[in-house]
Each structure stands twice: as C-alpha cells, then as structure tokens.
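# Structure at a glance
If you want the building blocks of each chain, they are given just below.
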Amino acid sequence: MSQYLGFLDRGVGIRGLYLNEITRPVISKLVEHAVELFALNHGSESSVDDEYADSSTTLLSDSALHVLVAYDWRPSSADLAVGVVSVLKRSGCEIIDLGQTSRACFDFAISQFRADLGIFVTGGNGVDGVNGLDILDGDGREWAHPGELTTLLTRLNSPASRSSRHAGNYQAFSLLDRYEQHVRQLFDDCKPLRIALACGDPLTMQILGTILFEIGCEINFLELNFSSSDFPLQAEMFRCEVRDAHVDVGFLIRPDSQTVHVLDGRGRAIGPATLKRILNRNGEVVTLGKDGRIWFADSTPQCDAMNVVSRLLKTSPESWVSHLKR
C-alpha cells in the first residue's frame with residue numbers, strides 16, 4: 001500500500017501526476033478494484049429517480065452495477081476517462097457517461113439518477129499536471145481516507161476478479177441544461193451587487209457569469225493562474241484586485257467548482273465561521289468541511305459554490321458586505 005499513499009488528496013480523492021503516477025493502467029486498476037469493493041460491500045441494487053422512470057430501460061437496467069462517469073476540464077481527464085469506461089465495460093457495468101462537466105454538476109447527476117456508484121476523473125484543486133479520481137456512492141457520499149479509499153489502496157497489489165462474463169452497456173447522456181435550469185432557480189430574488197469574480201472551472205464561470213449579469217449584477221472578471229503551485233500568492237493577488245476594484249464582494253471559486261472564498265469590498269476574507277453564521281440565519285443546516293467546502297443539508301447538490309453565492313446574495317448585504325467609503 002505504501003507506494004500508493006501519495007495518491008490520497010486531503011483524505012478525499014485520489015491524486016497523482018499525470019503520466020508519471022496516474023496513467024490509464026493505474027486508473028483502470030483503481031476502478032476495477034473499486035467496482036469489486038462496492039459489489040462486496042453493497043451488492044448491485046439500483047434505482048432511478050421518478051423523473052427518469054420513462055427512460056430507465058434505456059439508461060439503467062436492473063441486472064448490473066450502475067455507474068455514472070464524467071471528467072473535468074483538464075486535457076488529460078478525457079484520456080483517463082477512456083480507461084475508466086473501458087474497465088467498467090469489462091466488469092459488466094451499466095455505464096452512463098456524462099462527458100466533460102464540473103464536479104458540482106456531477107453531484108447533481110448523482111442525485112438525479114441515484115446509480116450505485118459515481119466515478120469522476122479530476123485533479124480537484126491540484127496544480128497543473130495533477131489528475132485522479134473522486135469516487136462517490138449512489139447517495140452522493142464521497143469515498144474517503146480513512147475509509148473506503150484506504151481499503152481500496154490496500155487491494156491494489158492483488159488482481160481484481162472480473163464481476164461479469166458479459167460486457168456492460170454504455171450510454172452517453174448530458175444533464176448540463178437541466179443543471180443550469182436548477183442553478184437558475186437558486187438565484188430567484190437575489191440582490192444585484194457589484195461583484196469581482198474569479199473561477200477555475202469553465203462551466204461554473206459560464207453559468208454563474210451569465211446568471212449574475214441577467215439579475216443585474218456588475219461583474220468584474222478577474223484572471224488567476226489556477227494551475228499555480230502557490231495558491232496563497234494567487235489568493236493574495238485576488239484580494240488586492242478586489243480591494244482596488246470598488247466592488248461590494250469578491251468570489252474566488254476553485255477549480256473543483258465547490259470551494260469558494262468570499263471577500264468583502266475591502267478585500268478582507270469572510271472566514272468560514274462568519275460564513276456559516278450568515279448562512280445559518282435562515283435556519284439552514286450548514287456544514288463546513290475540513291477542506292473549506294460548504295455543505296447544505298437541504299440542497300441538491302449539497303456542495304456547490306454557486307449555491308453559496310446565491311444564498312449570500314439573498315441575505316441582507318449590510319450584514320456581511322463592508323462598503324467602501326466614497
């Protein structure tokens with residue numbers, strides 16, 4: 001197991017350098033063992049959301065492990081996803097391939113389909129050249145370390161047994177339009193503000209930028225090098241630009257589309273405890289992860305940076321925005 005310990009990312013996710021550590025054969029081995037481990041622990045029962053009941057015969061059958069697959073915006077992710085799909089077919093899984101999307105959109109898809117397993121090829125918030133996997137149960141719970149990821153890594157030195165003699169079925173499917181429609185509903189009754197925005201995920205930037213413009217926000221788009229190994233320096237650059245831009249608030253959304261840093265108009269960070277207090281004022285159940293992500297118990301998906309932005313824009317700005325004196 002020791003040779004694989006470096007793959008663990010903050011206890012959630014598997015990460016490594018593309019081609020040096022994370023290759024198609026490595027990804028295939030990880031996925032093959034993940035399927036076997038899930039089958040041993042859970043069996044292969046599955047269900048489909050009522051919204052998809054009329055098409056469930058073409059999307060998910062009743063006789064195999066049902067797996068959702070997608071990948072993020074990194075060029076290497078599409079290559080690695082080919083290895084993921086290939087081993088899932090050999091394992092006899094029913095595969096729904098969502099293509100390139102954000103992690104938040106992938107979580108939304110998990111909640112809609114309620115498949116057995118979700119496999120997302122991503123480098124998370126890693127630097128350029130890093131890639132790997134996030135693995136989720138059908139209820140959206142992430143495999144973590146210690147936990148399933150620990151067990152998974154201990155099995156890699158042994159061959160996995162093939163779970164089926166028959167190749168699995170494959171379907172390509174997109175939920176991008178449905179996800180955008182869902183996100184738009186989050187911004188009903190939001191207050192238009194002057195906003196500085198930097199975002200490391202292209203889909204999130206596209207959707208959020210469009211919605212903020214439509215609700216009347218003045219947006220200052222700021223460029224950051226999200227591939228830099230020195231994120232604190234990038235964050236400091238963002239802070240200075242927010243301070244000098246004469247805006248009400250700054251949102252810095254990391255490449256995972258889930259982690260968001262919030263700054264007031266003077267470039268001061270609104271810390272996690274303050275954010276939780278603001279978001280809890282409406283009686284919402286808010287959880288702060290150790291990695292800085294914010295989770296809402298009453299939301300689908302539970303963790304989405306755009307959800308944080310929308311809920312902040314629904315609160316009274318005077319309670320959390322420090323306006324610049326003119």
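This report concerns the structure included in the present document. Fair warning: this is a prediction, and the values are worked out from it, not measured in the lab. (Residues numbered from 1 in each chain as written. Predicted model: local features only at pLDDT ≥ 70, side-chain atom pairs only at ≥ 80, totals over all residues. Heavy atoms only, no water.)

## What about the layout of surface pockets?
Roughly 280 Å³ of volume is contained in the largest pocket. Around the largest pocket, the lining comprises 20 residues; the ones closest to its centre are V260, H261, V262, A269 and I270. Mapped onto the lining of the largest pocket, the elements with two or more residues apiece are α8 (231-244), β10 (260-264) and α9 (272-279). (1 Å grid on protein atoms, 1.4 Å probe; cavity = no way out; pocket = protein on both sides within 12 Å on 5 of 7 lines; lining within 4 Å. Points joined across faces, edges and corners; volume = space filled by probe spheres on them. Helix = DSSP H or I, 4+ residues; strand = E, 2+ residues; numbered from the N terminus.)

## Comments concerning the sheet that holds β10
Strand-to-strand pairing in sheets goes through backbone hydrogen bonds, with the strands running parallel or antiparallel. If you walk across this open sheet you meet the four strands as β8-β7-β9-β10, and the pairing is mixed. Each end of this open sheet is capped by a strand with a single partner; those strands are β8 (218-221) and β10. Taken pair by pair, the neighbouring strands of this sheet meet at an average axis angle of 20°, ignoring direction. Most of the contacts of helix α7 (residues 202-214) go to strand β7 (residues 194-199), to which it runs at about 170°, and overall it touches β7, β8 and β9 (249-253). (Pairing = 2+ DSSP bridges. Axes fitted to C-alpha atoms, helices over the stretch in contact; angles between N-to-C directions. Contact = heavy atoms within 4.5 Å.)

## Digging into the packing of aromatic side chains
In this structure the tally under the stated criterion is three aromatic pairs. With 5.1 Å between their ring centres and 25° between their planes, F106 and F120 make a pair best called stacked. Here F120 lies in strand β4 (residues 117-121) and F106 lies in helix α4 (residues 103-113), a separation of 14 residues in the sequence. In this structure, F106 and F120 share a single accessibility class: buried. Aromatic pair F108 and Y179: ring centres 5.6 Å apart, planes at 50°, arrangement tilted. Of this pair, F108 sits in helix α4 while Y179 sits in helix α6 (residues 176-186); the two residues are 71 residues apart in sequence, bridging distant segments of the chain. Taking NZ or CZ as reference, R254 lies 3.6 Å from the ring centre of F231, over its face. The positively charged end of R311 is found above the aromatic ring belonging to F296, 4.0 Å away from the centroid. (Phe/Tyr/Trp six-rings, centres within 6.5 Å; stacked < 30°, edge-to-face > 60°. Buried < 20%, exposed > 50% of the residue type's maximum accessible area, 1.4 Å probe, protein only. Lys NZ or Arg CZ within 6 Å of the ring centre and 35° of its normal.)

## Looking at the sheet that holds strand β5 (residues 130-137)
What the six strands build is an open sheet, ordered β1-β5-β4-β2-β3-β6; its pairing is mixed. Two strands lie at the open edges of the sheet, namely β1 (14-17) and β6 (170-172), each paired on one side alone. The sheet shows a mean angle of 20° between the axes of neighbouring strands, direction not considered. The pairing of strand β2 (residues 66-71) with β4 spans five bridges and is classified as parallel. Its bridge partner being in β4, L68 is matched across the sheet by G118. Strands in contact with helix α3 (residues 75-90) are β2, β3 (94-100), β4, β5 and β6; relative to β2, the strand with the most contacts, it is inclined by about 165°. Lying over the sheet, α4 contacts β2, β3, β4 and β5, oriented at roughly 165° with respect to β2.

## What about unusual backbone geometry?
Note that the residue after H145, namely P146, is joined by a cis bond; omega there is 0°. Tracing the chain through its elements places P146 in the loop between β5 and α5 (148-154). The omega torsion of the bond from T300 to P301 falls at -10°, within 30 degrees of zero and hence cis. Turning to its location among the elements, P301 is positioned in the loop between β12 (294-296) and α10 (305-314). Within the chain, D189 stands out as a residue other than glycine whose phi angle is a positive 70°. For D189, the location among the structural elements is in the loop between α6 and β7. Given a relative accessible area of 74%, D189 falls into the exposed group. A positive phi angle, close to 65°, is found at S257, a residue other than glycine. The residue S257 is located in the loop between β9 and β10 in this model.

## Some thoughts on the nonpolar core
Core analysis: the largest hydrophobic core is formed by 48 residues, its most contacted members being F187, I195 and F251. Ranked by the residues each element gives to this core, the list is headed by α4, at seven residues. Residues contacting I195, with those up to four places away along its chain left out, are L212, C217, E218, I219, N220, V247, V249, F251 and L313. Counting 32 residues, the second largest nonpolar core, distinct from the first, contains L30, L65, V84 and L88. (Core = buried A, V, L, I, M, F, W, Y, C linked by side-chain atoms within 4.5 Å.)

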